[in-house]
Amino acid sequence: MAYPNDRKYSADHEWIVVSGNVGTVGITHHAQDALGEIVHVELPAVGKVFKKGDSAAEVESVKAVSGVYTPVSGKIVAVNDGLDGNEGNVNSDPHTSGWLFKVELSNPGELDGLMDSAAYTAHAGDDF
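In this text the structure is predicted, and so the values were computed from the model without any measurement. (Residues numbered from 1 in each chain as written. Predicted model: local features only at pLDDT ≥ 70, side-chain atom pairs only at ≥ 80, totals over all residues. Heavy atoms only, no water.)

**Q** Let's hear about the overall build of the protein chain: which residues, and what values?
**A** The helix and strand inventory of the protein chain stands at 3 helices and 9 strands. Across the protein chain, helices and strands are ordered from the amino to the carboxyl terminus as β-β-β-α-β-β-β-β-β-α-β-α. In terms of overall size, the protein chain behaves like a compact globule, its C-alpha atoms giving a radius of gyration of 13 Å where 128 residues would be expected to give roughly 14 Å. On the principal axes, the C-alpha backbone points of the protein chain span a range of 35 × 30 × 20 Å. Across the protein chain, contacts joining residues at least 24 apart in sequence account for 62% of those joining residues at least 6 apart. Of the roughly 6200 Å² that the protein chain leaves accessible, carbon and sulfur atoms contribute 46%. Between the centroid of the 8 positive side chains of the protein chain and the centroid of its 19 negative side chains there is a distance of 8 Å. (Helix = DSSP H or I, 4+ residues; strand = E, 2+ residues; numbered from the N terminus. Rg over C-alpha atoms; globule rule 2.2 N^0.38 Å. Contact = heavy atoms within 4.5 Å. Areas by Shrake-Rupley, 256 points an atom, 1.4 Å probe, with all protein chains shown as cover. Lys, Arg positive; Asp, Glu negative; His and termini not counted. Charge placed at Lys NZ, Arg CZ, Asp CG, Glu CD.)

**Q** Give a detailed account of the sheet that holds strand β7 (residues 65-69), specifying residues and quantitative values.
**A** As summarised here, the arrangement of the 3 strands in space is β4-β6-β7, forming an open sheet in which the pairing is antiparallel. For this open sheet the edge positions go to β4 (38-42) and β7, each flanked by a neighbour on one side alone. Strand-to-strand twist across the sheet, computed as the mean angle between neighbouring axes with direction ignored, equals 25°. Of the pairings in the sheet, the one linking β4 to strand β6 (residues 55-61) comprises 4 bridges and is antiparallel in character. Among the inter-strand pairings, H40 is bridged to a residue of β6, identified as E60. (Pairing = 2+ DSSP bridges. Axes fitted to C-alpha atoms, helices over the stretch in contact; angles between N-to-C directions.)

**Q** Could you give an account of helix α3 (residues 117-124), with specific residues and numbers?
**A** For α3, the complete set of buried residues consists of S117, Y120 and A124. Within α3, the buried residues cover an arc of 60° as seen down the axis, which keeps them to one side. Away from its buried face, by an angle of more than 90 degrees, α3 presents the exposed residues A118 and A122. In this structure, the buried side of α3 is in contact with β1 (8-9) and α1 (29-35). The opening residue of α3 is D116, an N-cap whose side-chain oxygen sits 3.3 Å from the backbone nitrogen of A118. Just downstream of α3, G125 is the residue with a positive phi angle, here 75°. (Buried < 20%, exposed > 50% of the residue type's maximum accessible area, 1.4 Å probe, protein only. Arc of directions from axis to C-beta. Polar contact = N/O pair within 3.5 Å; in protein donor to acceptor, adjacent residues only side chain to side chain.)

**Q** How would you explain the sheet that holds strand β8 (residues 74-79) if you had to name every residue and give the values?
**A** The antiparallel open sheet is built from 6 strands, whose spatial order is β1-β2-β3-β9-β8-β5. Looking at which strands have only one partner, the edges of the open sheet turn out to be β1 and β5 (49-50). In this structure, β5 lies alongside β8, joined through 2 bridges in antiparallel fashion. Bridging across to β8, F50 finds its partner in G74.

**Q** Which residues make up the pairing of β7, and what values do they have?
**A** Where β6 lies against β7, 5 bridges are found, and the strand directions are antiparallel. Opposite S55, over in β7, you have Y69 as the bridge partner. The hairpin turn running from β6 into β7, its antiparallel successor, is 3 residues long.

**Q** Mind laying out the nonpolar core, listing which residues take part and the relevant values?
**A** If you look at the biggest cluster of nonpolar residues, it comprises 23 residues, and the most contacted ones within it are I16, I27, V68, V90, L100 and F101. For this core, the secondary-structure elements that each account for two or more residues are β3 (22-27), α1, β4, β6, β8 and β9 (101-105). Ignoring any residue separated from it by four or fewer positions in sequence, one finds I16 in contact with R7, K8, G23, T24, V25, P71, V72, V103, L111 and L114. Y3, Y9, W99 and A124 belong to the second-largest nonpolar core, a separate cluster that totals 7 residues. (Core = buried A, V, L, I, M, F, W, Y, C linked by side-chain atoms within 4.5 Å.)

None of the figures reported here should be taken as evidence of function without further support.
In C-alpha cells, the structure reads:
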C-alpha cells in the first residue's frame, strides 16, 4: 500500500484532498495503525471555524484518545455521519470511507506547507 498521491499530509498524520474550495480531512493509515482499534469518533459541529493546527475532532481507540488537527484554516461544512456506529471504517479504510470532516478553505495557500505522499511516507517511516 502507498499513500494516495491526490492529497496532502500534515506532520500530525492528517490528510486532506481538495475539490474546489473544500477539503476532505481524515487520519492516515499510519495514525490509525498507531492508535489501534477505533471505538469512538467525536466530530466537529458544522459551521464551526478553525485555524490551521486547531484540534477539530477526537478519535478514541482502545489505547488512547487523540486529537485530529485541521491541516488548513476554514469552516466545517460537513462531517462523516456514516462513522456513527461504524467507527471501524477509520481503521479499515482511513483514506476513503473513514474520512472525518470537510472544511471550506479560508486560506488555500496553507496547502503549500503540507507534504506530498513521498514526503509523508519518509516522515512517517512507513514501508508499504
